[in-house]
Amino acid sequence: MEWLGLLQPSRNLHRAAQDVMALHRGKFPRDALTLKTLPGIGRSTAAAVASLCFGEPIAILDANVKRVLTRYLGFGQDLAVAKNEKLLWEKAQTLLPTQHVTQAMPHYTQGMMDLGATLCTPKNPQCLQCPVKENCKAAKEGKPENYPVKTKKLKRTSEQLWLLYAKTKNGEVWMVQRPQSGIWAGLYCLPVFESYEALQAFVKPKSKLDLQDMPVVKHVLTHKDLYLHPVALHLNNHKSLGQGHWFDQQTIAGIGLPAPIRKLVA
Ligand code: SF4
């Protein structure tokens, strides 16, 4: 039943209306930042409403506009990667009108959307009729259909790792060098284990001291979320823990460490 697809939008509309009444004293927000807080309104929709209705100088980046912009700029970075999309959004912002902004923005935004919907189509773009063809990099290259670049999104995965954070009372930390391949290749790091049991098995023959669980740290990689479980072990002396070294705080400050490890030990 087709109307079922309208249920969520209508619920969002109802909730948005309630929020406007409850949180904005019945006045519909006019800026993208506030519009984005309403149910069902994403970043690009908020920007479209704010620029089209209220002249706010803010870029939209729906699928049509992404296509126009990546072609116009010759932007070949993969838009499946979040930082590349963020960069495109920043570039889009630099192209906005700078004069008579309130009047110009609705025309600019509407023009970008129309260009993407009519001439700058996914296949067979009509470059000869396009008003921006003189400055369009993709048109000059002769292959506008090469843009935008967007590989299939890789499925995000997650991994749990346990870190032994062994520290002496003088502040020295036990570090090992990571293998030359894989995560944090070649960098010094706290000893990494795939399970708490493996960490315990490593420590127990060497120390009778208690292990203390520390708060879990989430570290986001490009296609993976790492959940790091640091486990503290406080020692009185420089007892060797096997392969690795004790590093004092001054040395730690001067060596390359993975970002989440530096946050933890610095
Ligand atoms: S010149 Fe062609 S590729 Fe460039 S924006 Fe216009 S229609 Fe798109």
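Owing to the predicted nature of the structure, the values given are computational and were not obtained by experimental measurement.

Conventions and cut-offs
Residues numbered from 1 in each chain as written. Predicted model: local features only at pLDDT ≥ 70, side-chain atom pairs only at ≥ 80, totals over all residues. Heavy atoms only, no water. Helix = DSSP H or I, 4+ residues; strand = E, 2+ residues; numbered from the N terminus. Buried < 20%, exposed > 50% of the residue type's maximum accessible area, 1.4 Å probe, protein only. Contact = heavy atoms within 4.5 Å. Near = heavy atom within 4 Å. Nonpolar A, V, L, I, M, F, W, Y, C, P; charged D, E, K, R; others polar. Domains from an automatic or database assignment. Axes fitted to C-alpha atoms, helices over the stretch in contact; angles between N-to-C directions. Parallel < 35°, antiparallel > 145°, perpendicular 65-115°, else oblique. Expected span 1.5 Å × (residues − 1). Arc of directions from axis to C-beta. Pairing = 2+ DSSP bridges. Salt bridge = Lys/Arg side-chain N within 4 Å of Asp/Glu carboxyl O. Core = buried A, V, L, I, M, F, W, Y, C linked by side-chain atoms within 4.5 Å.

Moving on: unusual backbone geometry. Look at the link from Tyr-147 to Pro-148: it is a cis peptide, with omega at -10°. By the element assignment, Pro-148 lies in the loop between helix H7 (137-141) and strand E1 (157-168). Of note in this structure, Arg-25 is not a glycine but carries a positive phi near 50°. When you line up the elements, Arg-25 lands in the loop between helix H1 (7-23) and helix H2 (32-35). In the Ramachandran plot, His-100 falls in the positive-phi region, its phi being about 45° despite a non-glycine side chain. Structurally, the position occupied by His-100 is in the loop between helix H5 (82-94) and helix H6 (101-118). Judged by its relative accessible area of 64%, His-100 falls in the exposed class.

Bringing the environment of Lys-137 into the picture now. Among the structural elements, Lys-137 can be located in helix H7. It is 8.8 Å that separates the C-alpha atoms of Lys-137 and Phe-75, two residues lying 62 residues apart in sequence. If near-sequence neighbours (up to four positions away) are discounted, Lys-137 is found in contact with Arg-71, Tyr-72, Leu-73 and Gly-74.

Relative to the helices and strands, Ser-44 resides in helix H3 (residues 43-54). By relative accessible area, Ser-44 is classed as buried at 17%. Leave out the neighbours within four places in its chain, and Ser-44 touches Ile-60, Leu-61, Asp-62 and Trp-89.

Further remarks concern the site of the ligand. With respect to spatial proximity, the complete set of residues near the ligand consists of Arg-71, Cys-120, Cys-127, Cys-130, Val-132, Lys-133, Cys-136, Ala-139 and Pro-144. Looking at side-chain class alone, the shell around the ligand contains seven nonpolar, no polar and two charged residues.

Taken domain by domain, the chain holds domain 1 (2-146) and domain 2 (157-265). Between the C-alpha centres of domain 1 and domain 2 the distance comes to 45 Å.

Where helix H4 (residues 63-73) contacts H5, the two axes come as close as 11 Å, and the packing angle between them is 80°. By the angle between their axes, H4 is roughly perpendicular relative to H5. The segment H4 lies against H5, with Lys-66, Leu-69, Thr-70 and Leu-73 engaging Glu-85, Leu-88, Lys-91 and Ala-92. For the contact of H4 with H5, the per-class residue count stands at four nonpolar, one polar and three charged.

A few words on H6. For H6, built from 18 residues, the straight-helix expectation of 26 Å at 1.5 Å per residue is met to within 8% by its first-to-last C-alpha distance of 25 Å. Turning to H6, its buried residues number three or more, namely Met-105, Thr-109, Met-112, Met-113, Leu-115 and Gly-116. Around the axis of H6, the buried residues are gathered within 160° of arc, so they sit on the same side. Opposite its buried face, H6 presents the exposed residues Gln-103, His-107 and Thr-118, each directed more than 90 degrees away. On the buried face of H6, the contacting elements are H3 and H4.

Relative to strand E7 (residues 224-235), strand E6 (residues 217-220) runs antiparallel, the two being bridged by four bridges. Note on E7: the bridge partner recorded for Val-217 is Leu-228. Between E6 and the antiparallel strand that follows it, E7, lie three residues.

Our next topic: the pattern of salt bridges. Tallying each qualifying case throughout the model produces four salt bridges. Of the charged contacts in the structure, one is a salt bridge between Asp-225 and Arg-156, with a shortest N-O distance of 2.6 Å. In this pair, Asp-225 is assigned in strand E7 and Arg-156 in the loop between H7 and E1, connecting sequence segments 69 residues apart. A residue is classified by how much of its surface remains accessible, and Arg-156, at 39% relative accessible area, is partly exposed. A salt bridge links Lys-224 to Glu-159; the shortest N-O distance between them is 2.6 Å. Taken as a pair, Lys-224 in strand E7 and Glu-159 in strand E1 lie far apart in primary sequence, 65 residues in all.

Time to look at the nonpolar core. Formed by 21 residues in total, the largest nonpolar core has its most connected members in Ile-60, Leu-61, Val-65, Leu-69, Leu-88 and Leu-115. Those elements giving two or more residues to this core turn out to be H3, H4, H5 and H6. Among the elements that line this core, the one with the most residues is H6, at four residues. The contacts of Leu-69, once residues within four sequence positions are left out, are Leu-61, Gly-74, Leu-88, Ala-92, Leu-95 and Met-112.

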